[in-house]
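Residue-level listing of the chains:
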Amino acid sequence: WEESCRAVERARSENVVELTVSRILDLPPADPPSTLGPWRLRMGPAGGEQADPAPDELVLPGLWPAARRWWIGEELLLALTVDHLAPPPGAPETRGQPALFMTPRPSAAVPAAVRRGVGPLSLIAGAAAQLATLELLAANGHQAEPEAADQPFTVLARKRDDWLGRFGLIAVHLSPYLAARRLRALASWLAPDGALIVSGFAPGAQTAHLLRAAARAGLELAASLVVGEWGAMRLTRIPEREALPPLTGSVVPDLVEPPEKPFRLEPETPDEDLDQDSLMVAEEDDEG
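About the criteria used
Residues numbered from 1 in each chain as written. Predicted model: local features only at pLDDT ≥ 70, side-chain atom pairs only at ≥ 80, totals over all residues. Heavy atoms only, no water. Pairing = 2+ DSSP bridges. Helix = DSSP H or I, 4+ residues; strand = E, 2+ residues; numbered from the N terminus. Axes fitted to C-alpha atoms, helices over the stretch in contact; angles between N-to-C directions. Contact = heavy atoms within 4.5 Å. Core = buried A, V, L, I, M, F, W, Y, C linked by side-chain atoms within 4.5 Å. Buried < 20%, exposed > 50% of the residue type's maximum accessible area, 1.4 Å probe, protein only. Expected span 1.5 Å × (residues − 1). Arc of directions from axis to C-beta.

(A) Summary view of the sheet that holds strand E4 (residues 99–102). Within the open sheet, the seven strands sit side by side as E6-E5-E4-E7-E8-E10-E9. Their pairing is mixed. Either end of the sheet is taken by a strand with one partner, and the two such strands are strand E6 (147–149) and strand E9 (219–227). Sheet twist, expressed as the average angle between the axes of neighbouring strands with direction ignored, equals 15°. Sheet topology places strand E5 (residues 121–124) next to E6; three bridges connect them, and they run parallel. What sits directly across from Ile-124, in E6, is Ala-149. Along the sheet, helix H6 (residues 176–189) makes contact with E4, E5, strand E7 (167–173), strand E8 (190–201), E9 and strand E10 (230–237), crossing E8 at roughly 170°.

Have a look at this one:
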């Protein structure tokens with residue numbers, strides 16, 4: 001249905017099209033995987049006292065019914081997030097910078113990013129997802145409360161001027177077509193040396209659609225990851241290139257020094273001393 005909505009949106013001109021989408025078949029929920037990236041997953045009770053997680057463990061409180069697609073997208077998002085927060089020796093430091101997460105439900109990548117030393121957190125999520133994210137952070141031993149925004153995205157794109165160029169990391173786990181429409185505003189919130197991670201799309205047409213939207217937003221592909229039928233990508237700002245100097249004079253270099261005096265072809269003149277009759281061949285006398 002996402003591709004159908006996108007086709008209608010491309011075909012319309014000035015008319016406003018209202019669509020009503022209903023789900024006719026729910027995907028069966030899949031059990032959480034035993035691991036996500038370098039961490040083991042432990043399911044805990046919702047609320048109440050919980051044992052502190054081990055250093056190699058992430059705790060998911062309550063029930064997390066989700067389709068297999070969601071779990072693979074979470075694995076990809078977490079993997080690229082952890083990779084971004086562990087730069088190789090000599091690379092610029094990425095830890096300690098503000099981070100923005102935009103997911104429709106609580107994401108295991110949030111406590112994983114905190115565990116890896118990300119800076120102040122901001123969330124774009126609904127009220128229920130915000131409360132679940134706070135519970136998720138508390139279950140993993142993190143009491144810091146992130147900045148949360150549940151306003152419509154179009155309002156945030158117009159009014160959050162304090163977010164311009166702020167975030168060293170932006171992580172998005174949305175529908176690829178919805179993510180593509182958000183890329184321009186998200187790119188404006190990205191710090192010059194930051195990274196924008198998009199997860200939860202299929203290789204092929206969805207990837208091409210996201211890359212076209214990224215190029216229009218001034219972003220380029222820095223890394224990608226594929227697991228099965230789903231992928232994720234890390235985008236960075238396209239570096240500014242120096243402007244070419246203006247062309248002056250001839251663009252062809254002088255390869256040979258010009259002669260001091262230009263060569264001129266003199267016109268041919270008849271030789272006055274030449275006897276014109278001497279050029280005539282005398283006929284031999286056959287009778288002699």
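(B) Molecular detail of the pairing of E9. Both E9 and E10 contribute to a ladder of eight bridges, which runs antiparallel. From the neighbouring strand, Ser-224 faces E10, where its bridge partner is Met-233. Once E9 ends, the chain turns through two residues before running back antiparallel as E10, passing Gly-228 with a positive phi of about 60°.

(C) Spatial organisation of the nonpolar core. In this structure, Leu-60, Leu-78, Phe-101 and Val-118 are the most contacted members of the largest nonpolar core, which totals 34 residues. Element by element, the count of residues in this core is highest for helix H2 (residues 68–84), at eight residues. Val-118 has contacts with Leu-85, Gly-96, Gln-97, Ala-99, Ala-113 and Leu-169, leaving out every residue within four places of it along the chain. With 29 residues, the next largest nonpolar core counts Leu-156, Trp-163, Ala-187 and Leu-190 among its residues.

(D) Spotlight on the sheet that holds strand E2 (residues 39–44). Spatial ordering of the open sheet is given by E1-E2-E3, a layout of three strands whose pairing is mixed. The sheet terminates laterally at strand E1 (35–36) and strand E3 (57–61), the two strands that pair on one side only.

(E) Summary view of helix H7 (residues 205–216). With 12 residues, H7 should reach 16 Å at 1.5 Å per residue; the first-to-last C-alpha distance of 17 Å fits that figure. Considered for burial, the residues of H7 that qualify are Gln-206, Thr-207, His-209, Leu-210, Ala-213 and Ala-214. Projection of H7 onto a plane perpendicular to its axis shows the buried side chains occupying an angular sector of 160°, all on one side. Turned more than 90 degrees off the buried face of H7, the exposed positions are Ala-205 and Arg-216. Looking at the residues trailing H7, positive phi occurs at Gly-218, about 85°.

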